[in-house]
Amino acid sequence: MRILRLVLPFNLLVGGALAANVVSSDRFLLKILDRSVSLQDITYQQRNLEALRCIYNDSVVVQFLGPSFVKGVGDFILGFPLGDDEARKYLHSQEPLLKQIRYFFKLLRYSEDQRTDVSFKLKKLIRASAKENKCNKDVLYNRSLKTNFISLLETELYLRTRYGNQLKVNQPFDVVRPSIELFIESLDKQFTHEYYW
């Protein structure tokens, strides 16, 4: 499914002629509950994951997804074809990665529903860390952070709160991985989804 955002300026001086200009286009790939996920959403979250990995080298979200997921999503975005028929074939060829993307966006949605608060103090600390570590500054916005990056931080905080007792210092992440996998699998059953082939 393709959506075009149109700008329809109305020009009274030229007799009221209506002109349409394509500003940008996006492709919806997946629907989770009542919310559609587009290629642009995936692009933003891939950027956010890269920034989170730079800011927090021990990010629970990034450790769980793994560097191959972040790279795979980047490759998926770069290789996405423009034509509808080619895009459909491409999506079917990427089903294992789409499943991981689906899990990730369901986790984002669940964390958002938990209303985990990302405090002003934490936002300020993350901004300073992003600048200090020379991370992607596209996640910063004015004196705060971009909304979709805050959504990822809510997920990070939620997982740290939920699995904090299992995330001991000097303990391998693989100890907590099975618990998170079970949680994600239960989310996948609870939250309906559909692909836009």
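Moving on: the pattern of salt bridges. Tallied over the entire structure, the rule returns 12 salt bridges. The partner of aspartate 174 in a salt bridge is arginine 177, and the shortest N-O contact between them spans 3.3 Å.

Attention shifts here to the state of the cysteines. Note on terminology: a disulfide is the covalent bond linking the sulfur atoms of two cysteines. Summed over the entire model, instances satisfying the criterion amount to one disulfide. Across the disulfide from cysteine 54 sits cysteine 135; the S-S distance is 2.0 Å. Measuring the twist about the S-S bond at about -85 degrees, one finds the cysteine 54-cysteine 135 disulfide to be left-handed. Residue cysteine 54 is found in helix α1 (residues 39-55), and its partner cysteine 135 is found in the loop between α6 (120-132) and β6 (140-141); the two are separated by 81 residues along the sequence. Given a relative accessible area of 29%, cysteine 54 falls into the partly exposed group.

A few words on the packing of α1 against helix α7 (residues 147-163). Two elements in contact, α1 and α7, have axes separated by 10 Å at closest approach and are oriented at 55 degrees. In this view, α1 runs oblique relative to α7, as classed from their interaxial angle. Crossing handedness for the pair α1 and α7: right-handed. Contact residues: α1 offers Tyr44, Gln45, Arg47, Asn48, Leu49, Ala51, Leu52 and Ile55, while α7 offers Asn148, Phe149, Leu152, Leu153 and Glu156.

One finds Ile42, Leu49, Phe76, Ile101, Phe104 and Phe149 to be the most contacted residues of the largest nonpolar core, which totals 56 residues. Counting residues per element, this core draws most heavily on helix α5 (residues 95-113), at nine residues. Ignoring anything within four residues of it in the chain, the contact list for phenylalanine 76 reads Leu29, Leu39, Ile42, Tyr90, Leu91, Gln94, Leu97, Leu98 and Ile101.

Moving on: the side chain of arginine 109. Tracing the chain through its elements places arginine 109 in helix α5. Judged by its relative accessible area of 13%, arginine 109 falls in the buried class. Here aspartate 34 takes part through its side chain, which lies 2.9 Å from a polar atom of the side chain of arginine 109. Apart from the residues lying within four places of it in its own chain, the contact partners of arginine 109 are Ile32, Leu33, Asp34, Arg35 and Phe191.

The next subject is the packing of α5 against α7. The interhelical angle for the contact between α5 and α7, taken along N-to-C directions, is 80 degrees, at an axis separation of 8 Å. One way to sum up the angle between α5 and α7 is to call them roughly perpendicular. Along its contact with α5, which presents Phe104, Leu107, Leu108, Tyr110, Ser111 and Glu112, the element α7 presents Ser151, Leu152, Glu154, Thr155, Tyr158, Leu159 and Arg162.

At leucine 33, a position not held by glycine, the phi torsion is positive, near 55 degrees. The topology assignment puts leucine 33 in the loop between β4 (21-32) and β5 (35-38). A relative accessible area of 31% places leucine 33 in the partly exposed class. The phi torsion at arginine 115 lies on the positive side, around 55 degrees, for a residue other than glycine. Residue placement: arginine 115 occurs in the loop between α5 and α6. Classification of arginine 115 by relative accessible area gives exposed; the value is 70%.

Criteria and thresholds
- Residues numbered from 1 in each chain as written.
- Predicted model: local features only at pLDDT ≥ 70, side-chain atom pairs only at ≥ 80, totals over all residues.
- Heavy atoms only, no water.
- Salt bridge = Lys/Arg side-chain N within 4 Å of Asp/Glu carboxyl O.
- Disulfide = S-S within 2.5 Å.
- Helix = DSSP H or I, 4+ residues; strand = E, 2+ residues; numbered from the N terminus.
- Buried < 20%, exposed > 50% of the residue type's maximum accessible area, 1.4 Å probe, protein only.
- Axes fitted to C-alpha atoms, helices over the stretch in contact; angles between N-to-C directions.
- Parallel < 35°, antiparallel > 145°, perpendicular 65-115°, else oblique.
- Left-handed = near helix turned anticlockwise from the far one by under 90°.
- Contact = heavy atoms within 4.5 Å.
- Core = buried A, V, L, I, M, F, W, Y, C linked by side-chain atoms within 4.5 Å.
- Polar contact = N/O pair within 3.5 Å; in protein donor to acceptor, adjacent residues only side chain to side chain.

Any link to function would need more than the numbers given here.
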